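Read off the chains here:
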Amino acid sequence: KTEKKTPAKTQTQTKAPAPAKKNTKPQPKESPKSAPQNEELEQFNRNVSIQFIARGVQTEENNQSYVTLTYQIQNKGKNQIQSLGWVSSYVIGKQTPLYSKELPLEFQPSLASGKQMEITIRLPLSELPEAAQKQFLSKTADIRAINKPKQVSFSSGSKIVVTK
């Protein structure tokens, strides 16, 4: 007996198209940052350090209460600092700020290069919004300050202006 063998049918397989080759060259990242402001901010931070280190409440004889905010200011630059300005936003955790305050400061005499100084700012408690008053009066509230530099003026007459 002779059998005729027919070749087995072969299925034609279609390959998935090869994945497109990924461009391995780094793409320039476009960012909407304004270079001049970043440059001034970097210069400011090279010259000045502002740290919020303590807070408290004082009540005077006339029953007027004040919030006390203590900062450590350090002159990291080579020139004496004559004046300084920044905005502090006081927050608890990652919440929206309880209160923000612009803090201008004049040094008499100028703050020498390499020196640091503690300064305490007093604000009438009544100036703060009610929610902020409650938090500032609480001894357990973990209030932090986010400082946004504005400007620094040196006794040499030069200035660094980050924001107006």
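Quick caveat: nothing in here was measured; it's all calculated off a predicted structure.

1. A closer look at the side chain of N47
In step 1: Following the sequence through the fold, N47 ends up in helix 1 (residues 35–47).
In step 2: Of the polar contacts made by the side chain of N47, one reaches the backbone oxygen of Q43; its length is 2.7 Å.
In step 3: With sequence-adjacent residues up to four places away left out, N47 is seen in contact with Q74, N75, K76, G77, K78, I81, F154 and I160.

2. Quick notes on the sheet that holds strand 6 (residues 143–154)
In step 1: Spatial strand order, 4-3-6-7: four strands in an open sheet with antiparallel pairing. Looking at which strands have only one partner, the edges of the open sheet turn out to be strand 4 (99–111) and strand 7 (159–161). Between one strand axis and the next, the sheet turns through 30° on average, direction left out of account.
In step 2: Here strand 6 runs beside strand 7; their pairing, made up of three bridges, is antiparallel. Counted as the bridge partner of Q151 is V161 from strand 7.

3. As for unusual backbone geometry
In step 1: For the peptide bond that leads from Q108 to P109, omega is 0°, which places it in the cis range.
In step 2: Looking at the element boundaries, P109 is found in strand 4.
In step 3: In this structure, N63 takes a positive phi of about 65° despite not being glycine.
In step 4: As for its position among the elements, N63 is in the loop between strand 1 (48–59) and strand 2 (65–75).
In step 5: Here N63 falls in the exposed class, since its relative accessible area comes to 64%.

4. Some points on the confidence of the model for the protein chain
In step 1: Model confidence for the protein chain is summarised by a mean pLDDT of 83, while 77% of its residues fall at 70 or above.
In step 2: For the protein chain, helix 1 is the element with the lowest average pLDDT, namely 85, and strand 2 is the one with the highest, namely 97.
In step 3: With pLDDT under 50 throughout, residues 3–35 is counted as low confidence; its partners more than four residues away or in other chains account for one contact.

5. Some details on the nonpolar core
In step 1: If you look at the biggest cluster of nonpolar residues, it comprises 33 residues, and the most contacted ones within it are Y71, I73, L84, W86 and Y90.
In step 2: Every element with two or more residues in this core is listed here: strand 1, strand 2, strand 3 (81–92), strand 4, strand 5 (116–124), helix 2 (130–137) and strand 6.

6. Some details on the sheet that holds strand 2
In step 1: The three strands are arranged 1-2-5 in an open sheet whose pairing can be described as antiparallel. Each edge of the sheet is formed by a strand with only one pairing partner; in this case those strands are strand 1 and strand 5. Between one strand and the next, the sheet's axes are offset by a mean angle of 20°, whatever the strand orientation.

7. A short note on the side chain of S65
In step 1: The residue S65 is located in strand 2 in this model.
In step 2: A distance of 3.2 Å separates the side chain of S65 from the side chain of T59, its partner in a polar contact.
In step 3: S65 has contacts with V57, Q58, T59, L123, P124 and L125, leaving out every residue within four places of it along the chain.

8. Considering the environment of A132
In step 1: Locating A132 in the fold gives a position in helix 2.
In step 2: Residues contacting A132, with those up to four places away along its chain left out, are L98 and Y99.

9. With respect to the pattern of salt bridges
It is possible for side chains of opposite charge to pair when their charged atoms get near one another.
In step 1: Applying the stated criterion to the full structure yields four salt bridges.
In step 2: In this structure, E127 engages K101 in a salt bridge whose closest nitrogen and oxygen atoms are separated by 3.9 Å. Of the two residues, E127 is situated in the loop between strand 5 and helix 2 and K101 in strand 4; the sequence distance between them amounts to 26 residues.
In step 3: By relative accessible area, which is 24% here, K101 ends up partly exposed.
In step 4: A salt bridge links E130 to K134, with the shortest nitrogen-to-oxygen separation between them at 3.9 Å.

What counts, and at which threshold
- Residues numbered from 1 in each chain as written.
- Predicted model: local features only at pLDDT ≥ 70, side-chain atom pairs only at ≥ 80, totals over all residues.
- Heavy atoms only, no water.
- Helix = DSSP H or I, 4+ residues; strand = E, 2+ residues; numbered from the N terminus.
- Polar contact = N/O pair within 3.5 Å; in protein donor to acceptor, adjacent residues only side chain to side chain.
- Contact = heavy atoms within 4.5 Å.
- Pairing = 2+ DSSP bridges.
- Axes fitted to C-alpha atoms, helices over the stretch in contact; angles between N-to-C directions.
- Buried < 20%, exposed > 50% of the residue type's maximum accessible area, 1.4 Å probe, protein only.
- pLDDT = per-residue confidence, 0-100.
- Core = buried A, V, L, I, M, F, W, Y, C linked by side-chain atoms within 4.5 Å.
- Salt bridge = Lys/Arg side-chain N within 4 Å of Asp/Glu carboxyl O.

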